Amino acid sequence: MKVSVKWAGKKFDQIELDVTQPAVLFKAQLFALTGVDPERQKILIKGGTMKDDTDLSQLGLKEMMGTAGELPKAPPAPIQFVEDLTDTQLAKALKVPAGLTNLGNTCYMNATLQCLRAVPELQTALRSIPAAYTQDARLNLSKSLGGLYSQLEDSGDAVTPLLFLQVLRSCFSQFAEQNNQGFMQQDAEECWGELISAISEKAPGFDGAGEVDASKKFIEQYFTGETISTMTCVDAPSEAAKVEIGTFRQLKANIGSGVSTYMLSDLENNFVETIEKNSETLGRTATYKKVTKITRLPQYLTVNFVRFQWKPSERVKAKILKRVKFPFELDASSLCELRLLEKLSPAKLHLKKKEEEAAAAKKAQKAAAASGSGQSSTPMDVDAPVQSNALTNQAIMASLNVDPSLMADVGCNVSGQYELVAVLTHVGRGANSGHYIGWAKNAKGEWWKFDDDTVSMVNEEEITKLEGGGDWHTAYIVLYRAKAL
């Protein structure tokens with residue numbers, strides 16, 4: 001069918017609309033005509049606005065209103081239909097994130113990079129590193145990673161990470177191992193750990209105002225947690241307890257017994273250990289109990305599922321396929337020391353209240369829709385800015401009476417509440433074989449699957465399937481981000 005669209009004082013007549021196709025493709029056509037991104041378009045239809053999944057065969061289209069802001073004005077070129085767009089143009093129009101080319105058993109690296117791409121603060125820190133390459137391999141690695149992330153943001157095609165791979169192999173020779181078939185597959189968890197280690201030395205952190213501060217270390221601020229461990233003798237309760245202070249960049253979830261387990265339960269169990277060692281008090285081997293608690297939670301919490309066990313007889317890392325359920329929202333309170341729990345309480349209660357209000361509003365909206373009241377179809381400017389809270393994050397914390405020590409600790413989690421933002425999975429039976437894929441959530445809450453250069457949007461149900469229990473893609477590393485206040 002033919003439709004007409006008015007926009008910015010112009011009228012586009014005789015636009016071909018295929019009502020059998022998804023609405024998002026019609027938006028892509030309008031993008032080619034107007035320069036307005038599909039996600040910023042406001043197309044009024046009977047009863048509301050057009051969504052990406054609207055059934056076009058049921059519509060009576062109205063005018064598209066708004067301006068494209070700073071975007072280029074529509075060129076005087078002939079109308080370009082969606083079927084005429086190149087793959088790159090279509091990817092940009094639909095905001096499909098770029099993938100990474102597999103350079104021969106490099107899926108372990110690609111999956112790691114795509115998961116860490118879910119940390120926007122890291123990209124800001126890396127971009128601040130001086131451009132010149134030096135003799136410092138780890139500095140070059142951090143700089144190369146920043147450049148690669150910039151390429152990914154600007155590209156509509158898959159990016160070939162050749163330079164980064166070369167620098168990675170110059171830093172860590174194990175990733176350059178070869179056999180008679182070429183470069184060998186590697187362990188993604190090892191790649192993740194080595195990359196975080198290199199970045200920790202070179203990527204600058206941030207001050208309280210959110211400005212890059214070269215005197216700070218990004219990984220120390222945003223990825224590093226702190227613990228306190230207390231060891232007591234079960235056989236000699238009067239023996240003085242031994243206290244140790246430690247740090248971590250990832251938590252290890254040793255998979256428990258049973259058909260399936262829960263990530264949080266496995267972490268809690270790992271924080272309580274029974275150790276047999278010599279007691280100076282008793283003069284013999286005695287049983288000790290070691291209890292660990294977290295005293296600082298980082299903004300980004302990494303959890304590694306210990307899925308591989310070394311089998312000496314076969315000289316391979318055998319995989320544990322057992323299902324481990326991980327939550328989309330994580331409350332880390334049960335892992336924390338009592339004093340930290342008290343400090344986390346104000347922000348935690350604030351988030352709980354905020355979520356309850358959001359749930360009530362959503363329920364009321366559904367009730368209104370069910371009653372037939374519908375929603376307003378008042379025209380709005382498509383590039384009107386989203387209203388943000390005028391208070392800075394520091395001011396919000398101050399208004400909640402968050403403990404001053406947490407307010408001053410840039411990069412920590414002040415509530416103990418997390419949301420899942422990335423999952424790195426493995427399919428296969430060995431860590432150094434099979435295939436790795438990255439799954440990450442963007443700022444709009446959309447989940448994307450990064451299978452090297454193939455990128456596709458998935459729903460939350462697909463993420464739930466990554467819990468394991470078979471030969472399907474199984475979660476190996478999960479990344480959580482502190483919930484925004």
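In the block above lies the structure referred to throughout.
Visitor: Any chance you could break down the overall build of the chain for me, citing the residues and the numbers?
Guide: Along the chain, the regular secondary structure elements total 13 helices and 24 strands. Relative to its 485 residues, the chain shows a buried fraction of 44%. Sequence-distant contacts in the chain: of pairs separated by 6 or more residues, those separated by 24 or more amount to 66%. Of the accessible surface of the chain, which amounts to about 24600 Å², a share of 52% is contributed by carbon and sulfur atoms.

Visitor: Could you give an account of the packing of helix H5 (residues 137-154) against helix H6 (residues 162-171), with specific residues and numbers?
Guide: Running from N to C, H5 and H6 cross one another at 155°; their axes reach a closest spacing of 9 Å. Viewed along their axes, H5 and H6 adopt a mutual orientation that is roughly antiparallel. Considering the relative orientation of H5 and H6, their crossing is left-handed. The residues of H6 that touch H5, namely those facing Ala 137, Arg 138, Asn 140, Leu 141, Ser 144, Leu 145 and Leu 148, are Leu 163, Phe 164, Val 167, Leu 168, Ser 170 and Cys 171. Of the residues belonging to the contact of H5 with H6, the class tally is nine nonpolar, three polar and one charged.

Visitor: Break down the sheet that holds strand S10 (residues 242-248) for me, with residues and values.
Guide: Pairing is antiparallel in the open sheet, where four strands are placed in the order S10-S9-S14-S13. Edge positions in the open sheet fall to S10 and strand S13 (272-279), since each of these has one partner strand only. If you compare each strand with its neighbour and ignore which way they point, the axes differ by 30° on average. Taken together, the eight bridges between strand S9 (residues 225-233) and strand S14 (residues 284-296) define a ladder with antiparallel strand orientation. Bridging from a neighbouring strand, Met 231 pairs with Lys 290 of S14.

Visitor: Provide a residue-level description of the packing of aromatic side chains, including the pertinent values.
Guide: Applying the stated rule across the entire model yields eleven aromatic pairs. Consider the rings of Phe 308 and Tyr 476, whose centres lie 5.1 Å apart with planes at 85°: the pair is edge-to-face. Taken as a pair, Phe 308 in strand S16 (residues 308-311) and Tyr 476 in strand S24 (residues 474-482) lie far apart in primary sequence, 168 residues in all. Judged by centre distance (6.4 Å) and plane angle (75°), the ring pair of Phe 328 and Trp 447 falls under edge-to-face. You can see Phe 328 sitting in the loop between strand S18 (323-325) and strand S19 (329-331) and its partner Trp 447 sitting in strand S22 (residues 447-451), a full 119 residues away along the chain. You can call Phe 328 partly exposed: its relative accessible area is 23%. Taking relative accessible area as the criterion, Trp 447 reaches 2% and is therefore assigned buried. Among the aromatic residues, those joined into a cluster by ring pairs are Phe 206, Phe 218, Tyr 222, Phe 223 and Tyr 300. The residue whose ring lies beneath Lys 277 is Tyr 288, and the NZ or CZ to ring-centre distance is 4.5 Å.

Visitor: Please provide a residue-by-residue account of the environment of Ala 241, values included.
Guide: Following the sequence through the fold, Ala 241 ends up in the loop between S9 and S10. For the pair Ala 241 and Ser 229, spaced twelve residues apart in the sequence, the C-alpha separation amounts to 10.0 Å. Contacts of Ala 241, omitting those with residues within four sequence positions, involve Thr 230, Met 231 and Thr 232.

Visitor: For the pairing of S9, give the residues involved together with the corresponding values.
Guide: Relative to S10, S9 is paired through seven bridges, and the arrangement is antiparallel. Each residue of the ladder has a partner; that of Glu 226, found in S10, is Thr 247.

Visitor: I'd like a description of the nonpolar core, backed by residues and values.
Guide: Ranked by size, the top nonpolar core spans 55 residues in total, and within it Leu 113, Leu 141, Phe 164, Phe 218, Phe 223 and Leu 424 carry the most contacts. With near-sequence residues (within four places) excluded, Leu 424 lies in contact with Ala 111, Thr 112, Cys 115, Ala 188, Trp 192, Tyr 436, Ile 437, Thr 474, Ala 475, Tyr 476 and Ile 477. Leu 251, Leu 301, Met 397 and Ala 482 belong to the second-largest nonpolar core, a separate cluster that totals 44 residues.

Visitor: So, H5: which residues are in play, and what are the values?
Guide: Between the first and last C-alpha of H5 there are 26 Å, a value that for 18 residues agrees with the 26 Å anticipated at 1.5 Å per step. Taken together, the buried positions of H5 are Asn 140, Leu 141, Ser 142, Lys 143, Ser 144, Leu 145, Gly 146, Leu 148, Tyr 149 and Leu 152. Two or three places before Arg 138, at the opening of H5, Asp 136 has a side-chain oxygen 3.1 Å from that residue's backbone nitrogen.

Visitor: I'd like to hear about the pattern of salt bridges, residue by residue, with values.
Guide: One pass over the structure, following the stated rule, counts 16 salt bridges. Two residues, Arg 117 and Glu 153, come together in a salt bridge whose shortest N-O distance is 3.4 Å. Taken together, the residues Arg 117 in the loop between helix H3 (107-116) and helix H4 (120-127) and Glu 153 in helix H5 connect sequence positions 36 residues apart. Assessed through its relative accessible area of 12%, Arg 117 is described here as buried. For Glu 153, a relative accessible area of 48% corresponds to the partly exposed category.

Visitor: Describe unusual backbone geometry, with residues and values.
Guide: The phi angle at Asn 105 is positive, at roughly 60°, despite the residue not being glycine. Along the chain, the position of Asn 105 falls in the loop between helix H2 (87-93) and H3. On the basis of relative accessibility, which here comes to 36%, the residue Asn 105 falls in the partly exposed class. Non-glycine residue Asn 401 carries a positive phi angle of around 60°. In this structure, Asn 401 sits in the loop between helix H11 (393-399) and helix H12 (404-407). Look at Asn 401 and you get exposed, because its relative accessible area is 64%.

Visitor: Can you explain H3? Please cite residues and give values.
Guide: The buried fraction of H3 amounts to ten of the ten residues, a majority that puts the element mostly inside the structure. Those residues of H3 that sit buried are Cys 107, Tyr 108, Met 109, Asn 110, Ala 111, Thr 112, Leu 113, Gln 114, Cys 115 and Leu 116.

Visitor: Provide a residue-level description of the packing of H3 against helix H7 (residues 188-202), including the pertinent values.
Guide: Direction vectors running N to C along H3 and H7 enclose 55°, while the axes themselves pass 9 Å from each other. Here H3 lies oblique to H7, going by the angle between them. In the packing of H3 onto H7, the handedness of the crossing is right-handed. Packed against H3, whose contacting residues are Tyr 108, Met 109, Thr 112, Leu 113, Cys 115 and Leu 116, the element H7 presents Ala 188, Cys 191, Trp 192, Leu 195 and Ile 196 at the interface. Across the contact of H3 with H7, the residue classes break down as ten nonpolar, one polar and no charged.

Calculation criteria
- Residues numbered from 1 in each chain as written.
- Predicted model: local features only at pLDDT ≥ 70, side-chain atom pairs only at ≥ 80, totals over all residues.
- Heavy atoms only, no water.
- Helix = DSSP H or I, 4+ residues; strand = E, 2+ residues; numbered from the N terminus.
- Buried < 20%, exposed > 50% of the residue type's maximum accessible area, 1.4 Å probe, protein only.
- Contact = heavy atoms within 4.5 Å.
- Areas by Shrake-Rupley, 256 points an atom, 1.4 Å probe, with all protein chains shown as cover.
- Axes fitted to C-alpha atoms, helices over the stretch in contact; angles between N-to-C directions.
- Parallel < 35°, antiparallel > 145°, perpendicular 65-115°, else oblique.
- Left-handed = near helix turned anticlockwise from the far one by under 90°.
- Nonpolar A, V, L, I, M, F, W, Y, C, P; charged D, E, K, R; others polar.
- Pairing = 2+ DSSP bridges.
- Phe/Tyr/Trp six-rings, centres within 6.5 Å; stacked < 30°, edge-to-face > 60°.
- Lys NZ or Arg CZ within 6 Å of the ring centre and 35° of its normal.
- Core = buried A, V, L, I, M, F, W, Y, C linked by side-chain atoms within 4.5 Å.
- Expected span 1.5 Å × (residues − 1).
- Polar contact = N/O pair within 3.5 Å; in protein donor to acceptor, adjacent residues only side chain to side chain.
- Salt bridge = Lys/Arg side-chain N within 4 Å of Asp/Glu carboxyl O.

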